[in-house]
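Working through the structure, step by step
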Amino acid sequence: MFDSSAVPRPGSARAAQAPVAPLADSQRRLEAVVQLGLCTQRVAEGAAAVDLAALNAMLSAHRARRKARGFRTAAAQMRVFSTELASLMVRVAAAVAELSDEVGRLCQRGRLEGQLRQAAAGLERPDARLMALVSVMNRDVVLACERQSRQRQRLNHAMVQALRLCDAGRNLARCALIEAAHAEDMAPQLTQVAIDLGQAVAGIIEVLVGMKTSLEKLAS
């Protein structure tokens, strides 16, 4: 992040000599935020898949009646989990869109500030108005970095929430697997359903971990 104490003063030679804003890696930042958006969509799709699988599991368990009561309860809780995760990912998607806009604006400001610095450096005597403009752009970049940092923190908190939800979902899938064994003739079918549910949750966790990695890239 920019050091606000380094904001150049109008007319100072320091402004002309200061390095371009640390946004040379803007392409990497943009790629990271695009990846966040793609991962958000994948998690939302995963939550929808879990919800559908859990609904099918409940219908299958209904045919086994009392023998699969425990399994049916676990499957119902899996639907609650998927609904909560889908709701959380709607908020995450909005936050990612906001962050994407901010990253784009920050990169634009950084490039413009760099061009102004280069122009100032090419002058024999720094122009006070140009230096003032460089100073304003520098402050804009500082504020944009601070906003981006807050957005990343909110997203990171949401990722922690989602991972906690997935831990609960994984435990529910394990419960369903245990309960499936009591369904007698339906046991093989329900066991496979429970395994599929567990794998679906594991896939969502993998995507969420990837999202946290993308967030870390934005912070570096």
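I will try to describe carefully the structure that is included in this document. Everything numeric in this text was worked out from a predicted model, so none of it was measured. (Residues numbered from 1 in each chain as written. Predicted model: local features only at pLDDT ≥ 70, side-chain atom pairs only at ≥ 80, totals over all residues. Heavy atoms only, no water.)

With that out of the way, let us pick up the nonpolar core. Proteins that are soluble and globular tend to have nonpolar side chains buried together. Judged by nonpolar contacts, the single largest core of 49 residues is most densely connected at Leu36, Phe71, Phe81, Leu85, Val92 and Met211. Of all the secondary structure elements, the ones that give two or more residues to this core are helix H2 (26-64), helix H3 (69-121), helix H4 (128-180) and helix H5 (187-219). Considering every element that reaches this core, the biggest residue donor is H3, with 13 residues. For valine 92, the contacting residues outside a window of four places in its chain are Thr40, Leu155, Ala158, Met159 and Met211. (Core = buried A, V, L, I, M, F, W, Y, C linked by side-chain atoms within 4.5 Å. Buried < 20%, exposed > 50% of the residue type's maximum accessible area, 1.4 Å probe, protein only. Helix = DSSP H or I, 4+ residues; strand = E, 2+ residues; numbered from the N terminus. Contact = heavy atoms within 4.5 Å.)

Let's shift gears to the pattern of salt bridges. Inspection of every chain in the model, using the stated rule, returns four salt bridges. Its salt-bridge partner being arginine 79, residue aspartate 51 comes within 3.0 Å of it at the nearest N-O pair. Pair noted here: aspartate 51 is in helix H2 and arginine 79 is in helix H3, with a separation of 28 residues, a long-range link. For aspartate 51, a relative accessible area of 21% corresponds to the partly exposed category. For arginine 79, a relative accessible area of 27% gives the class partly exposed. As a salt-bridge pair, arginine 147 and glutamate 102 come within 3.1 Å of each other at their nearest N and O atoms. Here glutamate 102 lies in helix H3 and arginine 147 lies in helix H4, a separation of 45 residues in the sequence. Judged by its relative accessible area of 2%, glutamate 102 falls in the buried class. (Salt bridge = Lys/Arg side-chain N within 4 Å of Asp/Glu carboxyl O.)

Purely geometric numbers; function is a separate question.
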